[in-house]
Amino acid sequence: MKLSRPVSWFLLAFGVWSWVVWTTFVKNLIKDASGLAFEHGNPTAYFWVHLVLAITSFLLGTAIGVIGFRGLRALRRESAGTTGTAAKG
């Protein structure tokens, strides 16, 4: 399957965005003082559910970002090969 340049950039940007957003969320979750994430210093079900969501998003964001990066790298290799062939011909 061949990805277009805009799609590859979108996937890469989504992966980076996912890491930025969920890293911030996890930092805020750990610092939570409202009583939702921790009760008497112990993690609550709210904490565990949201931590699993964050980890899942990290994994999916990484996978999606890698697909986008590989798509861009393939396009760059393809254009470099085309340019090199045209210069020789």
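In this text, all values refer to a predicted model and were calculated from it rather than measured experimentally.

(A) Structural detail: unusual backbone geometry. Despite not being glycine, His-40 shows a phi value in the positive range, around 55 degrees. Note that His-40 resides in the loop between strand E1 (38-39) and strand E2 (42-43).

(B) Molecular detail of a nonpolar patch on the surface. A cluster of nonpolar residues, Phe-10, Phe-14, Trp-17 and Val-21, forms a patch on the protein surface that exposes about 410 Å² of accessible area. Inspection of the secondary structure assignment puts Val-21 in helix H1 (residues 5-30). Classification of Val-21 by relative accessible area gives partly exposed; the value is 32%.

(C) Representation of the environment of Ala-37 in the model. The residue Ala-37 is located in the loop between H1 and E1 in this model. Taking the C-alpha atoms as reference points, Ala-37 and Trp-48, eleven residues apart in sequence, are found 8.1 Å from one another. Contacts of Ala-37, omitting those with residues within four sequence positions, involve Leu-29, Asp-32, Asn-42, Pro-43, Thr-44, Tyr-46 and Phe-47.

(D) Structural view of H1. Between its terminal C-alpha atoms H1 stretches 38 Å, which fits the 38 Å expected from 26 residues at 1.5 Å a residue. Those residues of H1 that fall on the buried side of the exposure criterion are Ser-8, Leu-11, Leu-12, Gly-15, Ser-18, Val-26 and Leu-29.

(E) Representation of the packing of aromatic side chains. One pass over the full model with this rule turns up five aromatic pairs. Ring geometry for Phe-14 versus Trp-17: centroids 5.8 Å apart, planes at 40 degrees, classification tilted. With Phe-14 and Trp-17 both in helix H1, this residue pair falls three residues apart, about one helical turn. Measuring from ring centre to ring centre gives 5.0 Å for Phe-38 and Phe-47, while their planes differ by 40 degrees; the resulting arrangement is tilted. Judged by its relative accessible area of 23%, Phe-38 falls in the partly exposed class.

(F) Highlighting the side chain of Ser-18. Relative to the assigned elements, Ser-18 resides in helix H1. A distance of 3.2 Å separates a polar atom in the side chain of Ser-18 from the backbone oxygen of Ser-57.

(G) Molecular detail of a positive patch on the surface. Residues Arg-70, Arg-73, Arg-76 and Arg-77 make up a contiguous surface patch of positive charge. Relative to the helices and strands, Arg-77 is located in helix H2 (residues 45-88).

(H) Structural context of the confidence of the model for the protein chain. Of the residues in the protein chain, 92% have a pLDDT of 70 or more, and the chain-wide mean is 91. The lowest-confidence element of the protein chain is H2, averaging 89 in pLDDT; the highest-confidence one is H1, averaging 96.

Rules used throughout
- Residues numbered from 1 in each chain as written.
- Predicted model: local features only at pLDDT ≥ 70, side-chain atom pairs only at ≥ 80, totals over all residues.
- Heavy atoms only, no water.
- Helix = DSSP H or I, 4+ residues; strand = E, 2+ residues; numbered from the N terminus.
- Patch = residues over 30% accessible without salt bridge, like charges linked within 9 Å, V, L, I, M, F, W, Y side chains within 5 Å.
- Areas by Shrake-Rupley, 256 points an atom, 1.4 Å probe, with all protein chains shown as cover.
- Salt bridge = Lys/Arg side-chain N within 4 Å of Asp/Glu carboxyl O.
- Buried < 20%, exposed > 50% of the residue type's maximum accessible area, 1.4 Å probe, protein only.
- Contact = heavy atoms within 4.5 Å.
- Expected span 1.5 Å × (residues − 1).
- Phe/Tyr/Trp six-rings, centres within 6.5 Å; stacked < 30°, edge-to-face > 60°.
- Polar contact = N/O pair within 3.5 Å; in protein donor to acceptor, adjacent residues only side chain to side chain.
- Lys, Arg positive; Asp, Glu negative; His and termini not counted.
- Charge placed at Lys NZ, Arg CZ, Asp CG, Glu CD.
- pLDDT = per-residue confidence, 0-100.

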